[in-house]
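Inside the fold
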Amino acid sequence: MIKFILPVCLTGVGVFSGCGSTPPAELVSAREAYRHVSVGEAGKVAPAEVHVAGLALAKAEKAYKDEAEAFRIRDLSYIAQRKAELAGAIASITIQQKGQADANKTFVDTQGKVLNQAKGDLSATQTALMETARLAAEAEKDKLAAEQRARDAQAALARLAAVKEEPRGVVITLSGSVLFASNQTVLLGEARTKLDQVAAVLLTTRERNITIEGHTDSQGSDSHNMTLSQGRADAVRSYLIERGYEADRIQAHGLGEGTPIADNASAEGRANNRRVEIIIAPEAHTSN
Amino acid sequence: MTLTSKTGTRVIAATALLALWGCGSDPALRTEASASGIRAAEEVGANEVPRASLHLQLAKEELAKAKKLSADGENAQAASMLSRSEADAELAVALSREDAEKTESQAAVERVHQLRQDNKLLLD
């Protein structure tokens, strides 16, 4: 056998058989390809295919060692390289499939979270809307009740005194002769009774500001009438405060003979001018 | 005839048979595995994937070479070349599948990314 091999090597026929010459390129490539897959992920995820590649390489190595025909060593090496590459491709397929499965699971989980979050938000929004609707209904109810109280108060006042709506507010006119003795600023007894009734109605709208104006007829001097009218306005103010109205919400002014509502030439006119006006400010002016 | 002669005759006959076998008896080349491997590679779209397409082409060339070698009486070489063709066809199929799996995997990851982007406010 040795006698056969040596001449072949010497003649340089190019038989790549174990006589110390370099292994064929195909075998070198096959060895490298196998090394690559055996140390990588393929060993874990495609062990069977890596094993097959190893067997193919072993076959090529044996052929090389046994000095088989050149074509056989080349072809077996070529096939061994392909088997190693096949193992790598199958490992990659397995890894990609796992990645896809993981991504699909993450998608489903995330969808679930999105759905739950949306449901939660919807529920919270519905609750908030219901609460808003409830508060709005209560506010409307309160408003209607307040309006009704105001109407009731006006109706009650109308039964007690002359009541008129003017731009400056609701004006309750009380006759001076009912409230005070002539030229006096002390309330008469019966005046208190009437004022009690007025106070009871006013207290249903206690959040409104009130102005009390005292007026006189034209008899007497201007300064006397100013003093008299102021004293009378103050007396009514003090009485209403006693009855519970907030002092901060009542003002008293004496206007003397300056704003008559009737002709001072007649006794009737002068009687009408002698008056106290209680002005309930419109709702826009409720706060000081 | 002596024992040696009888043996010698058998050896000669056997040698002749072997010679006939080695040189031009032309047993049929079994190309079915290679041909079906090539068909399978084409069916999974190996022509559309660069690496797969290369190995598909190699498989076809090797099959053609194997047939020629067989026709020339080089049966051992023909069988060896056929094995190469089968290996290349098998690899072409696997590379084509690998490409398809990569594409699907990337699409699945992108779907998750898009879902998170679209619902950033809800998920934060």
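Residues numbered from 1 in each chain as written. Chains lettered and ligands numbered in written order. Predicted model: local features only at pLDDT ≥ 70, side-chain atom pairs only at ≥ 80, totals over all residues.

1. What to know about the overall build of chain B
A tally of helices and strands in chain B yields 5 helices and 0 strands. When the helices and strands of chain B are placed in sequence order, the string is α-α-α-α-α. In chain B, which comprises 124 residues, the share counted as buried stands at 31%. Across chain B, contacts joining residues at least 24 apart in sequence account for 69% of those joining residues at least 6 apart. (Helix = DSSP H or I, 4+ residues; strand = E, 2+ residues; numbered from the N terminus. Buried ≥ 20, exposed ≤ 12 C-beta atoms within 10 Å, placed from the backbone. Contact = placed C-beta atoms within 7 Å.)

2. Digging into the overall build of chain A
When helices and strands are counted, chain A shows 9 helices and 5 strands. Counting from the amino terminus, helix and strand elements in chain A follow one another as α-α-α-α-α-β-β-α-α-β-α-β-α-β. Each of the 288 residues in chain A was classed as buried or not, and the buried ones make up 29%. In chain A, 71% of the contacts between residues at least 6 apart in sequence involve partners at least 24 apart.

3. Quick word on the packing of helix H3 (residues 50–71) of chain B against helix H4 (residues 75–118) of chain B
Residue and element names in this part refer to chain B. In contact at an axis separation of 7 Å, H3 and H4 are set at 165° when each is read in the N-to-C sense. The angle between H3 and H4 falls in the class roughly antiparallel. Handedness of the crossing formed by H3 with H4: left-handed. The residue makeup of the contact of H3 with H4, split by class, is 14 nonpolar, 6 polar and 6 charged. (Axes fitted to C-alpha atoms, helices over the stretch in contact; angles between N-to-C directions. Parallel < 35°, antiparallel > 145°, perpendicular 65-115°, else oblique. Left-handed = near helix turned anticlockwise from the far one by under 90°. Nonpolar A, V, L, I, M, F, W, Y, C, P; charged D, E, K, R; others polar.)

4. Some points on helix H8 (residues 222–242) of chain A
For the α-helix, the turn length of 3.6 residues means that residues three or four positions removed from each other point alike. All names here are of chain A. With 21 residues, H8 ought to run about 30 Å at 1.5 Å a step, and its terminal C-alpha atoms sit 30 Å apart, in line with that. Along H8, the positions that sit buried rather than exposed are Asn 225, Leu 228, Ser 229, Arg 232, Ala 233, Ala 235, Val 236, Arg 237 and Leu 240. Among the residues trailing H8, Gly 244 stands out with phi positive, at a value near 120°. (Expected span 1.5 Å × (residues − 1).)

5. What to know about the environment of Asp 152 of chain A
Residues and elements named next belong to chain A. Tracing the backbone shows Asp 152 in helix H5 (residues 70–160). A tally of 13 C-beta atoms within 10 Å means that Asp 152 is categorised as partly exposed. Taking C-alpha positions, Asp 152 is 8.7 Å from Val 201, a pair spaced 49 residues apart along the chain.

6. Describing the sheet that holds strand S1 (residues 162–166) of chain A
Residues and elements named next belong to chain A. Overall, mixed pairing links the 5 strands, which are arranged S1-S2-S5-S3-S4 in an open sheet. The two strands at the open ends of the sheet, each matched to only one other strand, are S1 and strand S4 (250–254). Between one strand axis and the next, the sheet turns by 20° as a mean value, whatever way the strands run. Both S1 and strand S2 (residues 169–175) contribute to a ladder of 5 bridges, which runs antiparallel. When the sheet's bridge partners are listed, Glu 166 is paired in S2 with Gly 169. Helix-sheet contacts for H8 involve strand S3 (210–215), S4 and strand S5 (275–280), and the interaxial angle to S4 is about 160°. (Pairing = 2+ DSSP bridges.)

7. Remarks on the pairing of S4 of chain A
Residues and elements named next belong to chain A. Pairing geometry for S3 and S4, over 5 bridges, is parallel. The partner of Thr 211 across the bridge, within S4, is Gln 251. What joins S3 to S4 is H8, and the crossover it makes is right-handed. (Right-handed = clockwise from strand over helix to strand, strands pointing away.)

8. Points about the pairing of S1 of chain A
For S1 of chain A, the buried fraction is low: 0 of the 5 residues fall into the buried class. Adjacent in sequence and paired antiparallel, S1 of chain A and S2 of chain A are bridged by 2 residues.

9. A word on the nonpolar core
Residues Ala 53, Ala 60, Ala 80 and Ala 87 of chain A together with Ala 92 of chain B are the most contacted members of the largest nonpolar core, which totals 46 residues. Those elements giving two or more residues to this core turn out to be helix H2 (25–39), helix H4 (47–65) and H5 of chain A together with helix H2 (32–43), H3 and H4 of chain B. If you tally residues by element for this core, the top one is H5 of chain A, at 12 residues. For Ala 80 of chain A, the residues in contact, after removing those within four places along its chain, are Ala 30, Tyr 34, Ala 53, Ala 56, Leu 57 and Ala 60 of chain A. (Core = buried A, V, L, I, M, F, W, Y, C linked by C-beta atoms within 7 Å.)

10. Quick notes on the confidence of the model for chain B
A low pLDDT score tells you not to read the predicted coordinates there in detail. Residues and elements named next belong to chain B. Residues of chain B with pLDDT of at least 70 account for 78%, and the chain-wide mean is 85. By mean pLDDT, helix H1 (residues 3–22) is the weakest element of chain B at 50, and H3 is the strongest at 97. Here residues 11–26 is modelled with pLDDT under 50, and outside its nearest four sequence neighbours on either side it reaches 5 contacts, counting other chains as well. Predicted as a complex, the structure gets a pTM of 0.57 and an ipTM equal to 0.77. (pLDDT = per-residue confidence, 0-100.)

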